[in-house]
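# Structure assessment
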Amino acid sequence: MKRRDFLKNLGISSAGIALASPMAFAEKIDNASKNTGTSPYPLTYDKQMLYIGNDIAVTDTTNGKVRGYILRDIYHFLGIPYGADTSGKNRFMPPIKPEPWNNVFPAIWYPNCAPQMMKSDIHSGYYGRFRGFRDHENYDDISENCLGINVWTPGYNDGEKRPVLLWIHGGGWSFGNAIEHDDHNGENLARLGNIVFCSINHRLGPLGYTNLATVGGDKYAESGNVGALDLVLALEWIRDNIANFGGDPNNVTLAGHSGGANKICALTAMPSAKGLFHKAILMSGAIRYLRPKDITQKAGEYIMREAGLLPGEVDKLQQMSWQQYYDIATRAAKKLCNDEQLEDKGLEANPLKIFEPHPDGTTILQNPYYPEACPLAKDIPMIICTSTGEDSEAYRDPTEAALTIEGVRDVLKNKYKSRRLSKAWSDNADNIVDAYTKAFPDKKPFEIMAMIGWHRQRSIAVCDAKYKQGGAPVYNAWFNWTAPLHDGFQTAFHPGYPCFWFYNTDLMYTFTGGGPRPRALSLKTAMSLIQFMRTGDPNGGGLPKWPKYTTEKGEVMVLADNSKVELDPDREARKTLPEYIDN
């Protein structure tokens, strides 16, 4: 049903509601080019904003009817089950569809968060209070019954074929949820571009990626990759249902930040995902490698010993609480990291990274982009983006904010002592700092410190692998916009820019400050994303002409108040960095 018809039936005037007609869309592009973005949330709303009731926003899915609600002219369907409860006998198993329901499912609240070990003091203490203010993270009930999807759409059952975006949350492979930050809300982008925005929760960490194949046999053959298989099931749900929500199942774009981008890379190497998505945008998380199979297999053996179980008793791991299992799995992973001396093997000795997917040749064919890109990725157009201040803590750390260039040298010589690349970083610290200060003479020392790292290094490696395929294009972006917050020490930091792509800078005011300045850039980036969703090409959204990436030139769109294309401005500086191995 179209919004205008629905509101007319309710006796509500649709005047003032921005219907996404072709002319309206063209006007938005024109506004983007003129920096005239207006707030997606008016300060006053002259009509009733929310409509909810038994006969409002009701539609069918393959498992039964659902009903959502209308807020500010966008239909919200939240927490729809796309998979069954993953506890008990379903733990460590590939996901299955939920049982059909007879009543109308109330899709009016978000799905449960996947089990994960959250620190109880993450927002306490001096530094924690700064993070709590900036990120204001959203977490709800935690349960193994977590396979749920959220849908924001301008219309449903109306015969339209709107482009579909599926947001896959970050947090590595171990943390996070679909609405962790307010900028993961899909309402504004759905309204701006007349698109359907979806997001999901899925299994994480030890419950998503414990490889029990060696100790459990054929029954547990896919146990080490079931979290990735959750993503495939969600895409199958979109294929089978999204037309009822006004979306086009043949035009699905994946978007992910950090760990979400990691997961998209894995999907590009999964035969079961082929044909279920058609474009992708990777934000600060493009990776070449997954975990080595032999390490994930040993994790299962260590877990069995830590649990005190004998061969043939793997099923008992399904019978304990998830908290008990997490405790056992974490202890086992720590012992594995120590016993196997992973750092000496070029692997990161982080217990959390034991529980990540691995190429098994079946579920996941290969490392996604090493030694070369998986053939399954060839026809997928991509945008690959990072930011200039990824891991900066200067906004809350006076020591980092006060760094001199000599201080940056000292940090590099000591920062990586406990990491696998420590000697290479320490030995080459002076060359690294000299190269980055030469490439970016206007950057302050704390900004130089933030630019030196592996996020852009590995994103360029994936761009190169994608370009080498000679298939669908890849576009590169580098986010360099900073907010005048925290005395000027808040950089273009790691989670700080998805809100620009999703037209949510006013929602994430603790990232952006809110108001017209960030909104102007957000309108251009969001409209460019919408163009990319529609055509596979981001041009025409209000940014300057954006060329395809080539290894020879390294074309990159530098996103700022005055965005511009540059030719690999940090190429010589990156050559001084030690090679980064993703696993």
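Higher on the page you've got the structure.
So, a few notes on the structure that sits alongside this text. Note that the structure is predicted; figures quoted are calculated from it, not measured.

Scanning the chain for helices and strands turns up 20 helices and 15 strands. Taking all 583 residues of the chain together, 60% fall into the buried category. Residue pairs at least 24 apart in sequence account for 76% of intrachain contacts in the chain once pairs closer than 6 positions are excluded. A total of about 22800 Å² of accessible surface is found on the chain, and carbon and sulfur atoms cover 51% of it.

The next point concerns the sheet that holds strand 13 (residues 474-479). Two strands in a sheet stick together by hydrogen bonds in their backbones, pointing the same way (parallel) or opposite ways (antiparallel). The 12 strands lie next to each other as 1-4-5-7-9-8-10-11-12-13-14-15, forming an open sheet whose pairing is mixed. The open sheet has two edge strands with one neighbour each: strand 1 (50-51) and strand 15 (564-567). In this structure, strand 7 (residues 148-153) lies alongside strand 9 (residues 196-200), joined through 4 bridges in antiparallel fashion. Directly across from Trp 152, in strand 9, lies its bridge partner Phe 197. Across the sheet, helix 8 (residues 259-267) is in contact with strand 8 (162-168), strand 10 (247-257) and strand 11 (279-283); its angle to strand 10 comes to roughly 130°.

On to the sheet that holds strand 3 (residues 64-67), then. One open sheet accounts for 3 strands, arranged 2-3-6; its pairing is mixed. The strands lining the two open edges of the sheet, one partner per strand, are strand 2 (58-61) and strand 6 (105-106). Alignment of strand 3 against strand 6, held across 2 bridges, turns out to be parallel. Residue pairing for strand 6: Val 66 is matched across the bridge by Phe 105.

Moving on: the pairing of strand 15. Of the pairings in the sheet, the one linking strand 14 (residues 555-559) to strand 15 comprises 4 bridges and is antiparallel in character. Its bridge partner lying in strand 15, Val 556 is registered against Glu 566. The loop that links strand 14 with its antiparallel partner strand 15 comprises 4 residues.

Further remarks concern the pairing of strand 3. Here is the key point about a regular strand: its side chains alternate between the two faces of the sheet. The sheet contact formed by strand 2 and strand 3 spans 4 bridges and is antiparallel. Residue pairing in the sheet places Asp 60 in a bridge with Lys 65 of strand 3. The hairpin turn running from strand 2 into strand 3, its antiparallel successor, is 2 residues long.

Turning to the state of the cysteines, a few remarks are in order. Summed over the entire model, instances satisfying the criterion amount to 0 disulfides. Counting only cysteine sulfurs, Cys 113 is the nearest neighbor of Cys 146, a cysteine outside any disulfide, at a range of 8.9 Å.

All right, on to the side chain of Ser 223 then. One can find Ser 223 in the loop between helix 6 (213-216) and helix 7 (226-241). Among the polar contacts listed, one links the side chain of Ser 223 to the backbone oxygen of Thr 210, at a separation of 3.0 Å.

To continue, consider the packing of aromatic side chains. With the rule as written, the count across this model stands at 22 aromatic pairs. Ring geometry for Trp 152 and Phe 197: centres 5.6 Å apart, planes at 85°, overall edge-to-face. Taken together, the residues span a long stretch of sequence, with Trp 152 in strand 7 and Phe 197 in strand 9 at a distance of 45 residues. Note on accessibility: Trp 152 and Phe 197 belong to one class, buried. Look at Tyr 289 and Tyr 370: their rings are 4.5 Å apart centre to centre, the planes differ by 35°, and that puts the pair in the tilted class. Remark: Tyr 370 occurs in the loop between helix 10 (322-339) and strand 12 (382-387) and Tyr 289 occurs in the loop between strand 11 and helix 9 (293-307); sequence separation between them is 81 residues. Ring-pair connections join several aromatic residues into one group, and the members of that group are Tyr 75, Phe 77, Tyr 156, Trp 237 and Phe 245. Positioned over the ring face of Tyr 302 is Arg 305, at 4.5 Å from the centre of the ring. For Arg 456, the ring lying beneath its charged end belongs to Trp 478, and the centroid distance is 4.3 Å.

To continue, consider the environment of Glu 301. Relative to the helices and strands, Glu 301 is located in helix 9. Judged by relative accessible area, Glu 301 falls into the partly exposed class, the value being 30%. Expressed as a C-alpha distance, the spacing of Glu 301 and Val 215, which sit 86 residues apart in the sequence, is 6.4 Å. The residues contacting Glu 301, other than those within four sequence positions of it, are Thr 214 and Val 215.

Relative to the assigned elements, Asp 230 resides in helix 7. With sequence-adjacent residues up to four places away left out, Asp 230 is seen in contact with Tyr 82, Pro 95, Leu 147, His 202 and Arg 203.

Evaluated as defined, the whole model comprises 31 salt bridges. One salt bridge in this structure joins Arg 91 and Glu 144, with 2.7 Å as the shortest N-O distance. Here the residue Arg 91 occupies a position in the loop between strand 5 (74-81) and strand 6, and Glu 144 occupies one in the loop between helix 3 (125-135) and strand 7, the gap between them amounting to 53 residues. An identical accessibility class is assigned to Arg 91 and Glu 144; each is buried. Through salt bridges with shared partners, a single ionic network connects Glu 406, Arg 409, Lys 413, Asp 430 and Asp 434.

Thresholds applied
- Residues numbered from 1 in each chain as written.
- Predicted model: local features only at pLDDT ≥ 70, side-chain atom pairs only at ≥ 80, totals over all residues.
- Heavy atoms only, no water.
- Helix = DSSP H or I, 4+ residues; strand = E, 2+ residues; numbered from the N terminus.
- Buried < 20%, exposed > 50% of the residue type's maximum accessible area, 1.4 Å probe, protein only.
- Contact = heavy atoms within 4.5 Å.
- Areas by Shrake-Rupley, 256 points an atom, 1.4 Å probe, with all protein chains shown as cover.
- Pairing = 2+ DSSP bridges.
- Axes fitted to C-alpha atoms, helices over the stretch in contact; angles between N-to-C directions.
- Disulfide = S-S within 2.5 Å.
- Polar contact = N/O pair within 3.5 Å; in protein donor to acceptor, adjacent residues only side chain to side chain.
- Phe/Tyr/Trp six-rings, centres within 6.5 Å; stacked < 30°, edge-to-face > 60°.
- Lys NZ or Arg CZ within 6 Å of the ring centre and 35° of its normal.
- Salt bridge = Lys/Arg side-chain N within 4 Å of Asp/Glu carboxyl O.

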